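# Survey of secondary and tertiary structure
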Amino acid sequence: MGFNCGIVGLPNVGKSTLFNALTKTAAADAANYPFCTIEPNTGRVAVPDLRLAQIAELAKSAEVIPTFLEFVDIAGLVKGASQGEGLGNQFLANIREVDAIIHVLRCFEDEDITHVDGDIDPIRDAATVETELMLSDMDSLERRMPPLTKKIRGGDKQAAADLALMEALHACLSEGRPARAAEGLTDDQIARLPLLQLLTTKPVLYVCNVAEDETMTGNSLTRKVADKAAEEQAACVIVSAAIEAEIAMLDEEDAAEFLSELGLSEAGLNRLIRAGYGLLDLLTFFTAGPKEARAWTVRRNATAPMAAGVIHTDFQRGFIRAETIGFDDYIACQGEAGAKENGKLRVEGSEYQVVDGDIFHFRFNV
């Protein structure tokens, strides 16, 4: 099961620099001109989680395998993208394929790096990109609604329900609000949303790209973005792409020393990865033994059989039970044996919902 975040924004805001740092590669050409990224670049990034190392130490695991998140670097959008300006149609199609959107906003001044609109205004930039996504969604709905009317005449009840949903979403978009802001939707309508593949139903994380000396404090521009994110109930992270690019070139020891000199406890990308993980509403569970300690990903509210299925489809098909230890209990009891002795190992059935940090041993029969 793969989960991916698309990195979007106007040209020259630092998307490709950020992507390069994330993946520690130079796969994306971070050149100072629009459309330098023609095809989306994709990179898998380990999700930082200190719990995994603690579990591996107690389990005396020979190998430690983190869970991963996928990032897709999508070329810069410009005004008119929804009408095919620049490489708009291609870019919008690439955005449609991701699970969530990481919207990079330029919050730094630099005369050597041009801005497509001439000056720095992250709120305007955010509105430019979102407007293009909303216009694309409106066009998509307007093309799909008329055929539904014909089906309704033939007594198609699902078509009637879908038309009502599309009309509600179109009304929301017409008011200048993204489809994810639509109010009053029923549970059935919310369940149908993914089938529409609208761009503005995807969750958004705003990333403020700042100068090196503003990573800890932010600035007046990042505060405006934070206010916008709070109003939309979205997330916001401050990162200096320039710093992250430098860190990506260092080994672990030198990177730690560099961060310490800057007064930072961890790389900004760690916060970005974790925020992207949370944006997708994901949980981590673990498996541990002498061979390996491994982190796995499921969506929130996943059941134990669904978690088993992430490891292997046979585990889900033949699921019997899940022997489960909570992370805190595992650490407090010094591992699986101690957890058993102290009655902290639980046997959970098929209705059990995964809790973040659960350590599982699945029993199955096929």
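For the structure itself, consult the block above.
A quick note: this is a predicted structure, and the numbers were derived from the prediction, not measured.

## What to know about helix 1 (residues 15-23)
Summarising burial for helix 1: eight of the nine residues are buried, a large majority. Where helix 1 is concerned, the buried positions are Lys15, Ser16, Leu18, Phe19, Asn20, Ala21, Leu22 and Thr23. Immediately downstream of helix 1, the backbone of lysine 24 shows phi near 50 degrees, a positive value.

## Thoughts on the sheet that holds strand 4 (residues 68-73)
Within the open sheet, the six strands sit side by side as 2-4-1-5-6-7. Their pairing is mixed. Only two strands of the sheet have a single partner each, and these edge strands are strand 2 (41-46) and strand 7 (235-239). Pairwise comparison of adjacent strand axes, ignoring direction, gives a mean angle of 25 degrees for this sheet. Pairing analysis gives six bridges linking strand 5 (residues 100-106) to strand 6 (residues 204-209), with the strands arranged parallel. What sits directly across from isoleucine 101, in strand 6, is valine 204.

## Some points on the pairing of strand 9 (residues 292-299)
With six of eight residues buried, strand 9 lies mostly within the body of the structure. Relative to strand 9, strand 3 (residues 63-65) is paired through three bridges, and the arrangement is parallel. When the sheet's bridge partners are listed, glutamate 63 is paired in strand 9 with glutamate 292. Here strand 8 (residues 282-288) pairs with strand 9 via seven bridges, running antiparallel. When the bridges of strand 9 are listed, alanine 288 appears paired with alanine 293. The antiparallel hairpin formed by strand 8 and strand 9 contains three residues in its connecting segment.

## Let's talk about the pattern of salt bridges
Enumeration according to the criterion identifies 16 salt bridges in this entry. Put simply, arginine 294 and glutamate 292 hold a salt bridge, and the shortest N to O gap is 4.0 Å. Here lysine 340 makes a salt bridge to glutamate 336, at a shortest N to O gap of 3.4 Å. Of this pair, lysine 340 and glutamate 336 both sit in helix 14 (residues 336-341), four residues apart, which is roughly one turn of that helix. A single network of salt bridges, built from pairs that share partners, joins Asp49, Arg51 and Asp356.

Reading guide: rules and limits
Residues numbered from 1 in each chain as written. Predicted model: local features only at pLDDT ≥ 70, side-chain atom pairs only at ≥ 80, totals over all residues. Heavy atoms only, no water. Buried < 20%, exposed > 50% of the residue type's maximum accessible area, 1.4 Å probe, protein only. Helix = DSSP H or I, 4+ residues; strand = E, 2+ residues; numbered from the N terminus. Pairing = 2+ DSSP bridges. Axes fitted to C-alpha atoms, helices over the stretch in contact; angles between N-to-C directions. Salt bridge = Lys/Arg side-chain N within 4 Å of Asp/Glu carboxyl O.

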